Every structure is written in structure tokens, then in C-alpha cells.
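So you can see what is in the structure, the chains are spelled out below.
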Amino acid sequence: MTQRIFRIAAFCALFASVGAAQEAAKAPPRGGVEGRLTWFDRQGRKVGTVAEPGMYRTLDISPDGKRVAYERNDPQTQNRDIWVADVAGGRATRFTSDPGWEAFPLWSPDGSRIIFTSNRGGVFDLYQKAVGGASDETLF
């Protein structure tokens, strides 16, 4: 339980930072934040950024705190996929690429898999995929 509480607290510290000029120019679609994932310390000071600027929605921090999985719109297609970024280096990789909408990533307790929802079958179902492996997504 303590680990989950820490992850929730960390989630609150990592969010999409929005510039005032961007915010005034264009309102993001409902439920999304246009910006960049940004780490803040407990005093509210910016300590780093993760991944590229874009449209972000849902995210979850890995149990070891070294990676973040998040839902992001592809800038070219506007398709919503799950991406995984290394917190230390900020490098991001696409985790899913189905034309359906993938959302709400959640790390398994051991950090080996990510569970997420997708409407690729017409309705939203839960899927899982191994992290770092070449395996396909499977219905959960």
C-alpha cells in the first residue's frame, strides 16, 4: 500500500507543463493537456523534463520510478497511443501503434508489463504487453 501511495504522490508531481502563450492561443481537446511532462521537487522547483512537447492525457510512473508510461496524441495522425519514457534521459519510445485509441496505462507491480485499455475491437477492453519485449498486446 505504501508503494502505491508514493506512486500517486509522484503522479501529482509529474504533469504536463503549459506555457501561457500556448494556453491563450489554443485550448486543448477535452481531457488533454498540451505541453511537456515536467518533474518538480517538493518545493515546486522544476528539476527536469521528459519526452517531447505534445498532447498528453493519462500516465503512470513505473514501480521503480525510472520510467513513465503515458497516453499521447501522434502529432501527424492524432492517433492516441501509449508511449514509455526513461525519466533520467527523457528518451521516449512508442509502446503501442494500433489505429484504435490506447489509454490509461498502468504498470504491473513488478514493472514487467503495462496494462492499458483500447477500443481496437469496437469496445474498450483491457490489454497487456511486456515492457522491453517484442511481444504483441494480449487481451487481459
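Turning our eyes to something else, we now look at the pattern of salt bridges. By the definition in use, this model includes seven salt bridges. Across the pair R94 and D74 runs a salt bridge whose closest N-O atoms are separated by 2.5 Å. Highlighted residues: R94 in strand β6 (residues 92–94) and D74 in the loop between β4 (67–73) and β5 (80–86), separated in sequence by 20 residues. Exposure remark for R94: the relative accessible area of 34% places this residue in the partly exposed category. For D74, a relative accessible area of 8% puts it in the buried group. A salt bridge links D98 to R120, with the shortest nitrogen-to-oxygen separation between them at 3.9 Å.

Right, let's get into the nonpolar core. Counting twelve residues, the largest nonpolar core consists of L37, W39, V50, A51, Y56, L59, I61, V68, Y70, W83, A85 and V87. Mapped onto this core, the elements with two or more residues apiece are β2 (33–40), β3 (46–61), β4 and β5. Ranked by residues supplied to this core, first place goes to β3 with five residues.

Counted according to the given criterion, the structure contains three aromatic pairs. Ring geometry for W101 against F124: centres 5.7 Å apart, planes inclined by 80°, an arrangement best described as edge-to-face. Here the residue W101 occupies a position in the loop between β6 and β7 (102–107), and F124 occupies one in the loop between β8 (113–118) and β9 (125–130), the gap between them amounting to 23 residues. Residue classification places W101 among the partly exposed positions, given a relative accessible area of 30%. The class of F124 is partly exposed, set by a relative accessible area of 45%. Here F116 and Y127 contribute two aromatic rings whose centre-to-centre distance is 6.0 Å and whose plane-to-plane angle is 20°, an arrangement assigned as stacked. Residue F116 is located in strand β8, and its partner Y127 is located in strand β9; the two are separated by eleven residues in the primary sequence.

What counts, and at which threshold
- Residues numbered from 1 in each chain as written.
- Predicted model: local features only at pLDDT ≥ 70, side-chain atom pairs only at ≥ 80, totals over all residues.
- Heavy atoms only, no water.
- Salt bridge = Lys/Arg side-chain N within 4 Å of Asp/Glu carboxyl O.
- Helix = DSSP H or I, 4+ residues; strand = E, 2+ residues; numbered from the N terminus.
- Buried < 20%, exposed > 50% of the residue type's maximum accessible area, 1.4 Å probe, protein only.
- Core = buried A, V, L, I, M, F, W, Y, C linked by side-chain atoms within 4.5 Å.
- Phe/Tyr/Trp six-rings, centres within 6.5 Å; stacked < 30°, edge-to-face > 60°.

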